[in-house]
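Here is what each chain is made of, one letter per residue.
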Amino acid sequence: MRKGHDFDFLRGDIVALLGESRDGLVRVKRIVQDLKDFSRSGAEEAWEMANLNAVLESTLNIARNEVKHKASIETRFGELPKVECLPSRLGQVFLNLLVNAAQAIGADGKITLSTGVESSDVWIRVEDTGCGISEENLTRVFDPFFTTKPVGQGTGLGLSVSYSIVAKHGGQIEVASEVGRGTRFTVRLPIRHTPAEALQTLVAET
Ligand SMILES: Nc1ncnc2c1ncn2[C@@H]1O[C@H](COP(=O)(O)OP(=O)(O)OP(=O)(O)O)[C@@H](O)[C@H]1O
Ligand SMILES: [Mg+2]
């Protein structure tokens, strides 16, 4: 009789455990997919038409655990056309900006990610309520090896690598900051990166 009860109890437990395992597997699968997106080597890299909101979401999946104990994250994604780009490289740019934002925040900060379209460009903005950047340093943040972080913590390469990736896309990266209030990085990318190709499409369509 007791045995029967134990089995009932176990059955309930097993169902719950299987549910949890499935949730865990879905999470792991998503993280592995995100890591694959990021780790794709330059050799296989191809220009793709990608949804940058989705690329940002992938970046967030990777960085969220690092960021969440310091800052709340708000996303304000606008509707974006697909952008001709190297998605894994742009993922790297977004990750650098996000990690910098988190590192600039002591505690209890806020990071806002927003996106939008302006004429033939898409823009992506990473805003933080961190320590800010002095006027003197503002002109140097994109220089290779410029870092204000302790030895062993920063190499000073994140922003210079990001700058060159964005430049490769024919885009720009801008920074605005106020010491003690926070920093805003804006990446602007042309929807089509080769004007000749865009023109060809236009001709083919008309
Ligand atoms: N969001 C930010 N808020 C305040 N300072 C920033 C921010 N982003 C960048 N900086 C400043 O710019 C410097 C250069 O940033 P960059 O990402 O290139 O290198 P790093 O973060 O120091 O090192 P790495 O990215 O290689 O680990 C930083 O050391 C910091 O002083
Ligand atoms: Mg950095």
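The structure this text deals with has already been given above.
Residues numbered from 1 in each chain as written. Chains lettered and ligands numbered in written order. Predicted model: local features only at pLDDT ≥ 70, side-chain atom pairs only at ≥ 80, totals over all residues. Heavy atoms only, no water.

K.L.:
Looking at this structure, how should I read a nonpolar patch on the surface?
P.N.:
On the surface, a nonpolar cluster with roughly 540 Å² of combined accessible area is contributed by Phe-7, Phe-9, Leu-10, Ile-14 and Leu-18. With respect to the helices, strands and loops of the structure, Phe-9 is situated in helix H1 (residues 2-39). (Patch = residues over 30% accessible without salt bridge, like charges linked within 9 Å, V, L, I, M, F, W, Y side chains within 5 Å. Areas by Shrake-Rupley, 256 points an atom, 1.4 Å probe, with all protein chains shown as cover. Salt bridge = Lys/Arg side-chain N within 4 Å of Asp/Glu carboxyl O. Helix = DSSP H or I, 4+ residues; strand = E, 2+ residues; numbered from the N terminus.)

K.L.:
Can you help me understand the site of ligand 1 in this one?
P.N.:
Inspection of the region around ligand 1 gives 20 residues, with Thr-147, Thr-148, Lys-149, Thr-155 and Leu-159 positioned closest. The contact in question runs from an oxygen atom of ligand 1 to an N or O atom on the side chain of Thr-147, over 2.6 Å. Contact between ligand 1 and Lys-149: an oxygen atom at 2.6 Å from a side-chain N or O atom of the residue. Across the complex, the protein chains shield 91% of the 600 Å² of accessible surface that ligand 1 would expose by itself. For the shell around ligand 1, the leading source of residues is helix H3 (residues 87-104), giving three residues. Among the residues making up the shell around ligand 1, the classes are represented as eight nonpolar, 10 polar and two charged. (Near = heavy atom within 4 Å. Polar contact = N/O pair within 3.5 Å; in protein donor to acceptor, adjacent residues only side chain to side chain. Nonpolar A, V, L, I, M, F, W, Y, C, P; charged D, E, K, R; others polar.)

K.L.:
Sorry if this is basic, but what is going on with the packing of aromatic side chains here?
P.N.:
Counted according to the given criterion, the structure contains two aromatic pairs. Where Phe-142 meets Tyr-163, the ring centres are 5.3 Å apart and the plane angle is 50 degrees; that geometry is what we call tilted. Here Tyr-163 lies in helix H5 (residues 158-168) and Phe-142 lies in the loop between helix H4 (135-138) and H5, a separation of 21 residues in the sequence. Its relative accessible area of 17% is what places Phe-142 among the buried residues. What makes Tyr-163 partly exposed here is its relative accessible area of 44%. Ring centres 6.2 Å apart and planes at 90 degrees place the aromatic pair Phe-142 and Phe-185 in the edge-to-face group. With Phe-142 in the loop between H4 and H5 and Phe-185 in strand S7 (residues 182-190), the pair connects residues that are 43 residues apart, well separated along the chain. Both residues of the pair, Phe-142 and Phe-185, count as buried. Grouping aromatic residues by their ring pairs yields a cluster made of Phe-142, Tyr-163 and Phe-185. Between the NZ or CZ atom of Arg-125 and the centre of the ring of Trp-123, over which it lies, the distance is 5.0 Å. (Phe/Tyr/Trp six-rings, centres within 6.5 Å; stacked < 30°, edge-to-face > 60°. Buried < 20%, exposed > 50% of the residue type's maximum accessible area, 1.4 Å probe, protein only. Lys NZ or Arg CZ within 6 Å of the ring centre and 35° of its normal.)

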